[in-house]
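Here's the letter readout for the chains.
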Amino acid sequence: MHQIEWVEVVPAHQPVPLVRRAGARAVDLGVWLGVTLAITRLTGSWIEAALLAAWTVGWLVLPRGATAGKRLFGLRVTRADGTPLTVGRAFTREAFLLVSIVIPMILVLVVLVMVNDPRRQGLHDKVADTLLHAST
């Protein structure tokens, strides 16, 4: 008697073009800056504004694996193995990128690693064990 073995066929990961990633990030930064400035204007506090903006982005990212910019550009973030993001991984990925804005040398490393990686994982993706995909 022959046994049938089921094998799941998973399509190979297609790297997301850097221009698409950059466009999504630009939208996200614009949204974050807009929310932060609006709240700062209302409350007078940058700390409250930054915390609320971070919470809003976190609240939007986790259920869908995508910020507003990523959704607009048809992208989503998962763990490197394709499973959904966890709070810790999403926070680690975004925190690493925020630090890279403050320390430009880290941003250069993020981009250099991304350009030279076949899956287009940036340093922030490698640290958080995440991967950016085109949405299906």
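Our structure's up above, just so we're on the same page.
Residues numbered from 1 in each chain as written. Predicted model: local features only at pLDDT ≥ 70, side-chain atom pairs only at ≥ 80, totals over all residues. Heavy atoms only, no water.

**Q** Would you take a moment to explain the overall build of the chain for this structure?
**A** Counting its secondary structure elements, the chain contains six helices and two strands. In the chain, which comprises 136 residues, the share counted as buried stands at 28%. Sequence-distant contacts, at least 24 apart, represent 62% of the contacts inside the chain between residues at least 6 apart. (Helix = DSSP H or I, 4+ residues; strand = E, 2+ residues; numbered from the N terminus. Buried < 20%, exposed > 50% of the residue type's maximum accessible area, 1.4 Å probe, protein only. Contact = heavy atoms within 4.5 Å.)

**Q** Help me understand the environment of G122, please; the structure alone is not making it clear to me.
**A** Topologically, G122 is positioned in the loop between α5 (104–116) and α6 (123–128). Overall, G122 belongs to the buried group, its relative accessible area being 0%. Sequence separation between G122 and L112 is 10 residues, and the spatial gap between their C-alpha atoms is 7.8 Å. Once residues lying within four places of it in the same chain are set aside, the contact partners of G122 are R21, V110, V113 and M114.

**Q** Quick question: what am I supposed to make of the environment of L18 here?
**A** Inspection of the secondary structure assignment puts L18 in helix α1 (residues 18–43). Residue classification places L18 among the partly exposed residues on the basis of a relative accessible area of 33%. Counting along the chain gives 93 residues from L18 to V111, while the straight-line C-alpha distance between them is 9.3 Å.

**Q** Can you help me understand unusual backbone geometry in this one?
**A** For residues other than glycine, phi is negative in most cases, and the peptide bonds are mostly trans. Residues other than glycine seldom take positive phi values, yet R120 does so here, at roughly 60 degrees. Along the chain, the position of R120 falls in the loop between α5 and α6. In the Ramachandran plot, D129 falls in the positive-phi region, its phi being about 55 degrees despite a non-glycine side chain. In this structure, D129 sits in the loop between α6 and β2 (130–134).

**Q** Would you explain the pattern of salt bridges in this entry?
**A** Between side chains of opposite charge, a pair can form as their charged atoms come close. Summed over the entire model, instances satisfying the criterion amount to eight salt bridges. Notably, a salt bridge pairs D28 with K70, separated by 3.5 Å at the nearest N-O pair. Placement of D28 in helix α1 and of K70 in helix α3 (residues 68–72) is noted, with a sequence separation of 42 residues between them. Each member of the pair D28 and K70 is classed as buried. Note that R93 and D125 form a salt bridge whose closest N and O atoms lie 2.7 Å from each other. (Salt bridge = Lys/Arg side-chain N within 4 Å of Asp/Glu carboxyl O.)

**Q** Is there a simple way to explain a nonpolar patch on the surface in this structure?
**A** A grouping of L29, L98, V99, I101, V102, I103, M105, V108, L109 and L112 is seen on the molecular surface, where their side chains present a nonpolar patch of about 910 Å² in accessible area. Counting residues per element, the ones that place at least two in the nonpolar patch are α4 (87–102) and α5. Its location among the elements puts L109 in helix α5. We classify L109 as partly exposed; its relative accessible area is 38%. (Patch = residues over 30% accessible without salt bridge, like charges linked within 9 Å, V, L, I, M, F, W, Y side chains within 5 Å. Areas by Shrake-Rupley, 256 points an atom, 1.4 Å probe, with all protein chains shown as cover.)

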